[in-house]
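# Topology and contacts: notes
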Amino acid sequence: DGKLLADISDEGLDLFAETMRESGHAIMENETITIFPGGVPLNYEPCKSDHALFQIHVTNKTIQTRMKMLEQNAEQAKCSAVGAQRNGMTKLALVHMRRRKAAVEELERCAMILSNLDSSELRLERAKSDVQIVQSYSLLKTALQDIRTTSGIGSDDVDDLMCEIREEMEKTNLDALGQEGVYPEIDEDELNAEFNQLQLECDLEQDGATGIGHVAELIKVEPAPVQKKEEQSSEEPHREREEPVPSLG
C-alpha cells in the first residue's frame, strides 16, 4: 500500500526497492518498480499499457495535490488583498490580486490536464478490454471448431434438429390453445368488490369491536353500473305514481 511508504525517506525507499529486486519479488524499470508478492513469474513480459496506466495514476494524484495547494493560495491571496485594501494599501492589494489571478489560471490549467488524463486512462483501459475481447472470441472460435471436428456433427444436422424442435414446440402450442377452460374469464369488478369486502372485514377484526360485524354485513361495495340501474329502477315507479294536474279550463 502506498500509505505505508508515504513517510519513508529516499534512502529507505531505495533500500526497499533493492531488497525486493534481489529477493526476486520486484522488477525495476527506469523509475518504476513492479512488485510481485508471490515472486516474479518466469514468463513475465513487461506490459507498457500497465506502466502507462500506473504513470497516469501517479500524475493524477500529483495534479490533485497541486490543485489543493493552488486553491489555498488563491484563497489566502484574496484574504490578503481584502485586508490590504481595508488598511489603505492599494498597491499591496493589487499585488495580492495578481497572485490570486495567477493561481486561478494555473488551477484551471491543472483541471484541464486532469480531465485529459482521465479521458486517456479510459481510452487505454478500453483498448486493453478490446484486446481481451478479441482474444476471447479467437479462443471461442478454436473451441467451436474443435467441438465440431471431434463430435462429428455438421451444420446440416444441427439445422435439422432445430427444425424438429420448432415443429414440436408449435404442435405443443396448438394443443394448448385447443384446450377449453384453461384460462377462465374473470370479472375484475367482482374481484375488486370482493377485495374491498375482505379488507373491511380484516380491519374490523383488528379493531376487535363488538357488534360491528353486523354493520360489516350491511356495507357492501357494488360496481358502478349496478348502482346506476338500481337508481333508474327506483325512479320509474315514482314517476308512475305522479297524478296529472287538472287544467283550469
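Quick notes on the rules
Residues numbered from 1 in each chain as written. Predicted model: local features only at pLDDT ≥ 70, side-chain atom pairs only at ≥ 80, totals over all residues. Heavy atoms only, no water. Helix = DSSP H or I, 4+ residues; strand = E, 2+ residues; numbered from the N terminus. Buried < 20%, exposed > 50% of the residue type's maximum accessible area, 1.4 Å probe, protein only. Contact = heavy atoms within 4.5 Å. Areas by Shrake-Rupley, 256 points an atom, 1.4 Å probe, with all protein chains shown as cover. Salt bridge = Lys/Arg side-chain N within 4 Å of Asp/Glu carboxyl O. Expected span 1.5 Å × (residues − 1). Arc of directions from axis to C-beta. Patch = residues over 30% accessible without salt bridge, like charges linked within 9 Å, V, L, I, M, F, W, Y side chains within 5 Å. Core = buried A, V, L, I, M, F, W, Y, C linked by side-chain atoms within 4.5 Å. Lys, Arg positive; Asp, Glu negative; His and termini not counted. Charge placed at Lys NZ, Arg CZ, Asp CG, Glu CD. Axes fitted to C-alpha atoms, helices over the stretch in contact; angles between N-to-C directions. Parallel < 35°, antiparallel > 145°, perpendicular 65-115°, else oblique. Left-handed = near helix turned anticlockwise from the far one by under 90°. Nonpolar A, V, L, I, M, F, W, Y, C, P; charged D, E, K, R; others polar. pLDDT = per-residue confidence, 0-100.

Time to look at the overall build of the chain. For the chain, the helix and strand inventory stands at 7 helices and 2 strands. The secondary structure elements of the chain, listed N-terminal to C-terminal, are α-β-β-α-α-α-α-α-α. Split into buried and exposed, the 249 residues of the chain put 12% on the buried side. Residue pairs in contact within the chain that sit at least 24 positions apart in sequence constitute 40% of those at least 6 positions apart. In the form shown here, the chain has an accessible surface area of approximately 21,200 Å², with 55% of it arising from carbon and sulfur atoms.

Scanning all chains against the criterion turns up 3 salt bridges. Overlapping salt bridges bring together R66, E106 and R109 as one network.

Here we come to helix α2 (residues 48-86). For α2, spanning 39 residues, the distance from its first C-alpha to its last is 57 Å, which sits close to the expected 57 Å at 1.5 Å a residue. Among the residues of α2, those classed as buried are S49, L53, I56, N60, I63, M67, L70, A74, A77, A81 and A84. Tucked inside the fold, the buried residues of α2 contact α3 (90-151).

This brings us to helix α5 (residues 188-207). The end-to-end C-alpha distance of α5, which contains 20 residues, comes to 29 Å, matching closely the 28 Å that a straight helix rising 1.5 Å per residue would cover. Among the residues making up α5, those that are buried are A193, Q197 and L204. Across the axial projection of α5, the buried residues extend over an arc of 35 degrees, all falling on one side. Facing away from the buried side of α5 by more than 90 degrees, the exposed set consists of E188, F195, E205 and Q206.

Here we take up a nonpolar patch on the surface. On the surface, a cluster of nonpolar side chains totalling about 520 Å² of accessible area is made up of I133, Y137, L140, L144 and I147. Along the chain, L144 turns up in helix α3. With a relative accessible area of 47%, L144 lands in the partly exposed category.

In this structure, I56, I63, M67, L70, L107, C110, L114 and L117 together form the largest nonpolar core, which totals 8 residues. For this core, the elements supplying multiple residues, two or more each, are α2 and α3. Discounting residues that sit within four places of it in the chain, L117 has contacts with I56, T59, N60 and I63.

Take a negative patch on the surface next. Taken together, the side chains of D156, D157, D159, D160, E164, E167, E168 and E170 define an acidic patch exposed on the protein surface. Mapped onto the fold, D159 is located in helix α4 (residues 155-178). What makes D159 partly exposed here is its relative accessible area of 44%.

What follows deals with the packing of α2 against α3. Geometrically, a packed helix pair is captured by the angle between its two axes and the distance between the axes. For the pair α2 and α3, the least separation of the axes is 8 Å and the interaxial angle reads 160 degrees. It follows that α2 is roughly antiparallel to α3 by the angle criterion. For the pair α2 and α3, the sense of crossing is left-handed. Class assignment of the residues belonging to the contact of α2 with α3 gives a composition of 22 nonpolar, 9 polar and 11 charged.

Take the confidence of the model for the chain next. Predicted confidence across the chain gives a mean pLDDT of 76, with 72% of residues reaching 70 or more. When pLDDT is averaged over each element of the chain, α2 comes out on top at 89 and helix α7 (residues 224-240) at the bottom at 49. Throughout residues 226-232 the model reports pLDDT below 50, and contacts reaching past four residues in sequence, or to other chains, amount to 1 contact.

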